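Results of the structural survey
Here's the letter readout for the chains.
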Amino acid sequence: MWKMATPQKVVLLACGSFNPPTIMHLRLFEIARDELQRAGKYDVIAGIMSPVSDAYKKKDLAPATQRCDMVKLALKTSRWVRLDTWESEQPQWSTTVKVLRHHKTILDNQSNTTIKCTPSKKRKKDMKNEDNIEKGSPTISNNKDTCKDNVQLKLLCGGDLLESFAVPGLWAEEDIEEIITNYGLVCITRHGSDPRKFIYDSDVLTRLQDHITIVTEWIQQDISSTKIRTALRRNQSVKYLIQDSVIDFIRENGMYGVDKDNKYSDKVTPSPMSDIMEYVETSFPNETITIISTRETQSKTLRVTKEKPEDEQSRSPRRIQTTTSALSRGMSPSSSPRRMMEDNDSDPDGSNSPKTPPQNVACLTDIGSIVRRVKNYNVQGLFHPKKIQPK
Ligand SMILES: Nc1ncnc2c1ncn2[C@@H]1O[C@H](COP(=O)(O)OP(=O)(O)OP(=O)(O)O)[C@@H](O)[C@H]1O
Ligand SMILES: NC(=O)c1ccc[n+]([C@@H]2O[C@H](COP(=O)(O)O)[C@@H](O)[C@H]2O)c1
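Before going into details, it helps to say that this report is about the structure given with it. Remember, it's a predicted structure, so these values are computed and weren't measured experimentally.

1. Quick notes on the overall build of the protein chain
- On a plain count of helices and strands, the protein chain comes out with 14 helices and 11 strands.
- Relative to its full complement of 391 residues, the protein chain shows a buried share of 48%.
- Restricting the contact set of the protein chain to residue pairs at least 6 apart, pairs at least 24 apart contribute 71%.
- With the model as given, the accessible surface of the protein chain reaches about 21,300 Å², and the carbon-plus-sulfur share is 50%.

What follows is the structure, given as structure tokens:
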């Protein structure tokens, strides 16, 4: 009778900055495992995330300890992927082939002993409480098997990493050969990359293509750590793009330009203009207010101008005029913020309008705070925190 061959046990290793880890970093493992196990040829028993060390010196790279902490938090909901800190603890940057060799040695050393694949009691309990876990799937937690010998280690990456093989001086050719031939590559398609075409275009990769598994991700998410850092810096929501626990960690540690005290950063997507409008409508019921918000990539300026009402008619209904020029590069940074009370500080109807001369306040990264300070103040300045002495 025909008997199916025992599936090859595989451990997947993903190297990267994870600065911070995104849901796509976690998805890579799930996508790869599905594909490898689909035909019954492989049994993916574990995944390893290995953050690069500080010596990598990539722009805006957060300290390895923090990146490891974030990866650990992110992986709390995974039954089979774990963090490994060895690479991140190295004083020198380790080439990827070196990291693979390290983990392969460990796996081989364990080949005669029995590796305990099942999670610890505590871990099992933790996992029971986690709602995000798919139940009954063939994971190592309910797999009484042990990770015996002959475990294959494969490098897991996104299409962009594969394409970086062509960047002059970045990868040694012998490293590429060793990675692909001795270990094997599982590459997940990524927005903007075309790994199949890339392999076709390369004689070396075409020769080695039997060792490369390209997996098309049909539910593509154009998420990158860079985009996450950009959003955080701008106090935009990153909820559902990275784990809540990671968001909390980032905020608690004031990473990536996030204001520690900013209560808004992950809870809601701030809507600066609607926040301002709401504040203005309630606080300046009898005024005509013009709000001009200009945003630029480097500097963002918020201007609030109070105009004197022309007559009673013009107050009802109130005219609130807004102009938003999002990221308008052409806007001169010198289009300096205006005083709130431009021409006439008098307050004929004794309304909420300011009675004291406008003051300068430091602009905060939190637009909500700015909104709360609009009244009676001249709001001006760049969005990165900068002390402006009150006049
Ligand atoms: N959205 C994604 N789709 C597919 N692969 C991804 C995606 N995001 C990251 N990866 C892969 O994850 C691995 C680790 O990536 P890395 O930590 O450099 O993330 P990144 O988002 O590309 O970072 P950065 O934006 O800081 O350059 C790489 O192999 C990369 O190709
Ligand atoms: N020659 C090499 O081994 C080599 C070159 C470039 C990047 N890498 C690795 O690729 C991973 C992702 O790097 P980037 O975040 O720069 O895309 C990192 O773990 C890095 O160490 C390895």
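Next, the rest of the story.
2. Focus on the pattern of salt bridges
- Inspection of every chain in the model, using the stated rule, returns 13 salt bridges.
- Arg33 is paired through a salt bridge with Glu30; the nearest N and O atoms lie 3.6 Å apart. Of the two residues, Arg33 and Glu30 both sit in helix 1 (residues 23-38), three residues apart, roughly one turn of that helix.
- Residue Glu30 is classed as partly exposed on the basis of its relative accessible area of 22%.
- The partner of Glu35 in a salt bridge is Arg38, with the nearest N and O atoms 2.8 Å apart. Placement of both Glu35 and Arg38 in helix 1 is noted, with a separation of three residues, approximately one turn of the helix.

3. Looking at the site of ligand 2
- The environment of ligand 2 is made up of Cys15, Gly16, Ser17, Val52, Tyr56, Lys58, Trp93, Thr95, Thr96, Leu161, Leu170 and Trp171.
- Interatomic distance of 3.2 Å between a side-chain N/O atom of Ser17 and an oxygen atom of ligand 2.
- With respect to ligand 2, the side chain of Trp93 contributes an N or O atom lying 2.9 Å from an oxygen atom.
- Contact with the protein chains hides 87% of the accessible area of ligand 2, taken as 490 Å² for the molecule alone.
- Taken together, the residues of the shell around ligand 2 sort by class into seven nonpolar, four polar and one charged.

4. Section: the packing of aromatic side chains
- Tallied over the entire structure, the rule returns three aromatic pairs.
- Measuring from ring centre to ring centre gives 6.0 Å for Phe29 and Trp80, while their planes differ by 80°; the resulting arrangement is edge-to-face. Within this pair, whereas Phe29 is found in helix 1, its partner Trp80 is found in the loop between helix 2 (64-74) and strand 3 (81-83), the two being separated by 51 residues in sequence. Each member of the pair, Phe29 as well as Trp80, carries the same accessibility label: buried.

5. What about the nonpolar core?
- Of all hydrophobic cores here, the largest spans 41 residues; its most connected members are Leu12, Phe29, Met49, Leu156, Val186, Ile188 and Ile250.
- Counting residues per element, the ones that place at least two in this core are strand 1 (8-16), helix 1, strand 2 (42-51), helix 2, strand 3, strand 5 (185-188), helix 10 (225-233) and helix 11 (244-252).
- If we skip the residues at most four places from it in the chain, Phe29 touches Leu12, Ala14, Gly47, Ile48, Met49, Trp80, Val81 and Leu156.
- Ranked by size, the runner-up nonpolar core spans 29 residues in total, among them Val151, Ile176, Ile179 and Tyr183.

6. A few points about unusual backbone geometry
- Of note, the bond from Asn19 into Pro20 is cis; its omega dihedral lies within 30 degrees of zero at 5°.
- By the element assignment, Pro20 lies in the loop between strand 1 and helix 1.
- One non-glycine residue, Asp60, lies in the positive phi region at around 60°.
- Within the element layout of this structure, Asp60 appears in the loop between strand 2 and helix 2.
- Relative accessible area serves as the criterion here: at 44%, Asp60 is assigned to the partly exposed category.
- The phi dihedral of Tyr256 is positive, around 55°, even though this residue is not glycine.
- For Tyr256, the position within the fold is in the loop between helix 11 and helix 12 (272-283).

7. Things to note about helix 4 (residues 96-109)
- With 14 residues, helix 4 extends 20 Å between its outermost C-alpha atoms, agreeing within 8% with the 20 Å of an ideal straight helix rising 1.5 Å per residue.
- Restricting attention to buried positions, one finds in helix 4 the residues Thr96, Val97, Val99, Leu100, His102, His103 and Leu107.
- Check the buried side of helix 4 and you find it contacts strand 1, strand 2, helix 3 (86-89), strand 4 (151-158) and helix 7 (173-183).

8. Focus on the site of ligand 1
- Around ligand 1 sit 19 residues in total, of which Phe18, Lys58, Asp160, Ser225 and Thr226 are the nearest.
- Measuring from an oxygen atom of ligand 1, one finds a side-chain N or O atom of Lys58 at 2.7 Å.
- Between Arg229 and ligand 1, the recorded distance is 3.2 Å, taken from a side-chain N or O atom to an oxygen atom.
- Compared with its free state, where it exposes 600 Å², ligand 1 has 92% of that area covered by protein.
- Counting residues per element, the ones that place at least two in the shell around ligand 1 are strand 1, helix 1, strand 4, helix 6 (159-163) and helix 10.
- Counted by class, the shell around ligand 1 contains seven nonpolar, eight polar and four charged residues.

9. Concerning the environment of Leu232
- Within the secondary structure layout, Leu232 lies in helix 10.
- When the C-alpha positions of Leu232 and Tyr256 are compared, they lie 6.5 Å apart, and in sequence the two are 24 residues distant.
- Beyond its immediate sequence surroundings of up to four residues, Leu232 is in contact with Val238, Ile250, Tyr256 and Val258.

10. Side note on the environment of Leu155
- Relative to the helices and strands, Leu155 resides in strand 4.
- When the C-alpha positions of Leu155 and Ala14 are compared, they lie 6.0 Å apart, and in sequence the two are 141 residues distant.
- For Leu155, the contacting residues outside a window of four places in its chain are Leu13, Cys15, Thr96, Leu100, Ile179, Gly184, Leu185 and Val186.

Calculation rules
Residues numbered from 1 in each chain as written. Chains lettered and ligands numbered in written order. Predicted model: local features only at pLDDT ≥ 70, side-chain atom pairs only at ≥ 80, totals over all residues. Heavy atoms only, no water. Helix = DSSP H or I, 4+ residues; strand = E, 2+ residues; numbered from the N terminus. Buried < 20%, exposed > 50% of the residue type's maximum accessible area, 1.4 Å probe, protein only. Contact = heavy atoms within 4.5 Å. Areas by Shrake-Rupley, 256 points an atom, 1.4 Å probe, with all protein chains shown as cover. Salt bridge = Lys/Arg side-chain N within 4 Å of Asp/Glu carboxyl O. Near = heavy atom within 4 Å. Polar contact = N/O pair within 3.5 Å; in protein donor to acceptor, adjacent residues only side chain to side chain. Nonpolar A, V, L, I, M, F, W, Y, C, P; charged D, E, K, R; others polar. Phe/Tyr/Trp six-rings, centres within 6.5 Å; stacked < 30°, edge-to-face > 60°. Core = buried A, V, L, I, M, F, W, Y, C linked by side-chain atoms within 4.5 Å. Expected span 1.5 Å × (residues − 1).

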